[in-house]
Amino acid sequence: MTQLTKTIRDLAADLAAGRITSVALTEQMLARAEAHRAQGGHAYVSLDGEQALAEARASDAARTAGWVPSPLAGVPISIKDLFDVNGQVSSAASLALAGAPPAVVDAGAVARLRAAGAILLGRTNMSEFAFSGLGLNPHYGTPRHPHDGARVAGGSTSGGAVTVALDMAAGALGTDTGGSIRIPSAFCGLTGFKPTAASVSLEGTVPLSRSLDSAGPIAHSVDCCAILYAALSGKEIADGAPALKGLRLGFTLDYVGANVEPQVRQAFDAALGKLRLAGAQVEQFDFPELLELPGINGGGGLVAAEAWHWHRVLLEEKGAQYDQRVAARIRRGQQQGAADYIDLLDARARLIAIAKQRLAPFDAWLMPSVAILAPQLAPLEADDATFFATNGLVLRNASVINFLDGCALSLPCHTDGELPVGLGICGLAGADDQVLQIGRAVEALLRGREKE
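A short tour of the structure in this document, coming up. (Residues numbered from 1 in each chain as written. Predicted model: local features only at pLDDT ≥ 70, side-chain atom pairs only at ≥ 80, totals over all residues. Heavy atoms only, no water.)

**A look at the environment of A35**
No. 1: Within the secondary structure, A35 sits in helix α2 (residues 22–38).
No. 2: The sequence separation of A35 and M168 amounts to 133 residues, and the corresponding C-alpha distance is 9.9 Å. (Helix = DSSP H or I, 4+ residues; strand = E, 2+ residues; numbered from the N terminus.)

**Considering the environment of V152**
No. 1: With respect to the helices, strands and loops of the structure, V152 is situated in the loop between β3 (119–124) and α5 (158–165).
No. 2: Judged by relative accessible area, V152 falls into the buried class, the value being 1%.
No. 3: Sequence separation between V152 and L134 is 18 residues; the distance between their C-alpha atoms is 6.5 Å. (Buried < 20%, exposed > 50% of the residue type's maximum accessible area, 1.4 Å probe, protein only.)

**A few points about the sheet that holds strand β1 (residues 44–47)**
No. 1: Within the open sheet, the 11 strands sit side by side as β1-β3-β2-β4-β6-β5-β10-β11-β9-β7-β8. Their pairing is mixed. Because the sheet does not close on itself, it has two edges, and the strands there are β1 and β8 (281–284). When strand polarity is set aside, the average angle formed by the axes of neighbouring strands in this sheet is 25 degrees.
No. 2: Direction of pairing for strand β2 (residues 76–80) relative to strand β4 (residues 171–175): parallel, over a ladder of 3 bridges. Bridge pairing links S78 to A172 in β4.
No. 3: Seen against the sheet, helix α7 (residues 222–233) touches β2, β4, β5 (191–194), β6 (215–219) and β10 (407–412) and runs at an angle of roughly 150 degrees to β6.
No. 4: Contacts from helix α15 (residues 432–446) reach β5, β7 (248–251), β9 (364–368), β10 and β11 (422–427), with the element oriented near 15 degrees to β10. (Pairing = 2+ DSSP bridges. Axes fitted to C-alpha atoms, helices over the stretch in contact; angles between N-to-C directions. Contact = heavy atoms within 4.5 Å.)

**Looking at the environment of P412**
No. 1: Among the secondary structure elements, P412 is positioned in strand β10.
No. 2: The class for P412 is buried, based on a relative accessible area of 8%.
No. 3: C-alpha of P412 to C-alpha of L190: the two residues are 222 residues apart in sequence and 6.3 Å apart in space.

**Topic: the nonpolar core**
No. 1: Among the nonpolar cores identified, the biggest contains 151 residues, and L72, L113, W365 and I425 are the most heavily contacted of them.
No. 2: Per-element tally for this core: the top contributor is α7, with 9 residues. (Core = buried A, V, L, I, M, F, W, Y, C linked by side-chain atoms within 4.5 Å.)

**Brief notes about the side chain of S94**
No. 1: On the secondary structure map, S94 appears in the loop between β2 and α4 (108–115).
No. 2: Not counting residues within four places of it along the chain, the set of residues in contact with S94 comprises E128, F129, H139 and Y140.

**What about the pattern of salt bridges?**
No. 1: Within the structure shown, the criterion is met by 15 salt bridges.
No. 2: Its salt-bridge partner being D106, residue R114 comes within 2.5 Å of it at the nearest N-O pair.
No. 3: R350 is paired through a salt bridge with E292; the nearest N and O atoms lie 2.7 Å apart. Here the residue R350 occupies a position in helix α12 (residues 338–359), and E292 occupies one in the loop between β8 and α9 (293–296), the gap between them amounting to 58 residues.
No. 4: Using a relative accessible area of 32% as the deciding quantity, one classes E292 as partly exposed. (Salt bridge = Lys/Arg side-chain N within 4 Å of Asp/Glu carboxyl O.)

**Quick word on the pairing of β4**
No. 1: When you tally the buried positions in β4, you get 5 out of 5 residues, the bulk of the element.
No. 2: Neither face of β4 is exposed, since G171, L173 and T175 on one face and A172 and G174 on the opposite face are all buried.

**A closer look at the packing of aromatic side chains**
No. 1: Counting across every chain of the model gives 9 aromatic pairs.
No. 2: Measuring from ring centre to ring centre gives 6.4 Å for F285 and F287, while their planes differ by 45 degrees; the resulting arrangement is tilted.
No. 3: Of the residues examined, F287 reaches a relative accessible area of 0% and is grouped as buried.
No. 4: Aromatic side chains F285 and W365 sit 6.1 Å apart centroid to centroid with 70 degrees between the ring planes, which places their arrangement in the edge-to-face category. With F285 in the loop between β8 and α9 and W365 in strand β9, this pair connects stretches of sequence that are 80 residues apart. (Phe/Tyr/Trp six-rings, centres within 6.5 Å; stacked < 30°, edge-to-face > 60°.)

**A closer look at the state of the cysteines**
No. 1: Applying the stated rule across the entire model yields 0 disulfides.
No. 2: The thiol sulfur of C225 is not disulfide-bonded, and the nearest other cysteine sulfur, from C224, lies at 6.8 Å.
No. 3: No disulfide involves C426; its nearest neighbouring cysteine sulfur is the one of C407, lying 8.2 Å away. (Disulfide = S-S within 2.5 Å.)

**Thoughts on helix α1 (residues 8–17)**
No. 1: When α1 is considered as a whole, its buried residues turn out to be I8, L11, A12, D14 and L15. Seen from one end, α1 has its buried residues packed into an arc of 160 degrees, which puts them on one side. Exposed and oriented more than 90 degrees from the buried face of α1 are A16 and A17.
No. 2: For α1, the secondary structure elements touched by its buried residues are α2, α3 (49–64) and α7.
No. 3: Once α1 ends, the next one or two residues include G18, with phi positive near 80 degrees. (Arc of directions from axis to C-beta.)

**Observations concerning unusual backbone geometry**
No. 1: Residue S156 is bonded to the preceding G155 through a cis peptide linkage, with omega at 5 degrees.
No. 2: By the element assignment, S156 lies in the loop between β3 and α5.
No. 3: The phi angle at D167 is positive, at roughly 55 degrees, despite the residue not being glycine.
No. 4: By the element assignment, D167 lies in the loop between α5 and β4.
No. 5: Residues other than glycine seldom take positive phi values, yet Y255 does so here, at roughly 70 degrees.
No. 6: Structurally, Y255 is set in the loop between β7 and α8 (262–277).
No. 7: Overall, Y255 belongs to the buried group, its relative accessible area being 16%.

Written out as structure tokens, the structure reads:
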């Protein structure tokens, strides 16, 4: 893998050396975004160019005065349309919320990005209410795959991924309830990080599932994701990478290894082979309890139950304005009783305890981020059965980590010139720093610049 686009650290170095200003960088990305919209692209639902340029001018002045709060200072970032930004409507890309009053304060995650000096370019498109792994949106248009416009970009943070892939932002703030950061990252050849849910504030966001939601970054590298995660979480993130030799990395064919598309399997196996040649101990292990997940979630799972709780009044009032596929999935939660919900919580706690035992021997858990390549858009738009079956398969692997309250990276592992494939590097709750450090080492290997 090669890296052609400048990373956040590259941009920070350019800003520090005076090779570019924040105003010039912001103008370039706004120009690309405007051109994208003029050509029928749907990555942004709104751009805030005037305010972004005002922030960029302030950032340049602060830099001249010696104030540079973080590597994000002066760097343009896009924001998913479910985070509150003071003075803006958080519609979650739904007509049902389009007339809601503007936010009067920034979401917690947005406030942290501002404090780090990031420039907020605009709000990105998404699956309505974040309830799909495919990224289709009948209201604001569907963001297309950045390298093959006949395919989807993946969801639900579809617009965010496209803004990064097409250099309309240096990074994107997204959410991940069942893979909504990692799926579009995998499809678009980007790096995405789903942190431990509790480590980044969800205050001021439109929720999908209070048990499973998490907020995190999409960007061009593991280091970019680490910089963004440090700002979002307030944590000090080590910038080193361990030696691959001696690392114990596990993978399982149970559940997450089934029905994997041949090109995805080939890319995943090739990555495992490179890791073995570099001295890592890559071992298959058994995790048969994962096969219980379809039964556990057969009634819609925690997502449907918790989404129904939040949406039930809005659906009654404005159900006709919803994407009807999203509305149908939310209404599944109406069929769950209190006992069913408690059963779900108990099943989750039991599988988390089992996962701690299964994963104890390993430094990280590897899996294909998504079992298939980015699918064609037209069949998904045309047929409900195709849409729901494909959506389920796309969400399957990534959603395991949310159910287990874990953290995970997706980084590109495909061969140049082929459709992107994501390699998932996963851990349980609190393993964020370890996953990021291992991710740096794996990324260096896959990009051909590992250290001896």
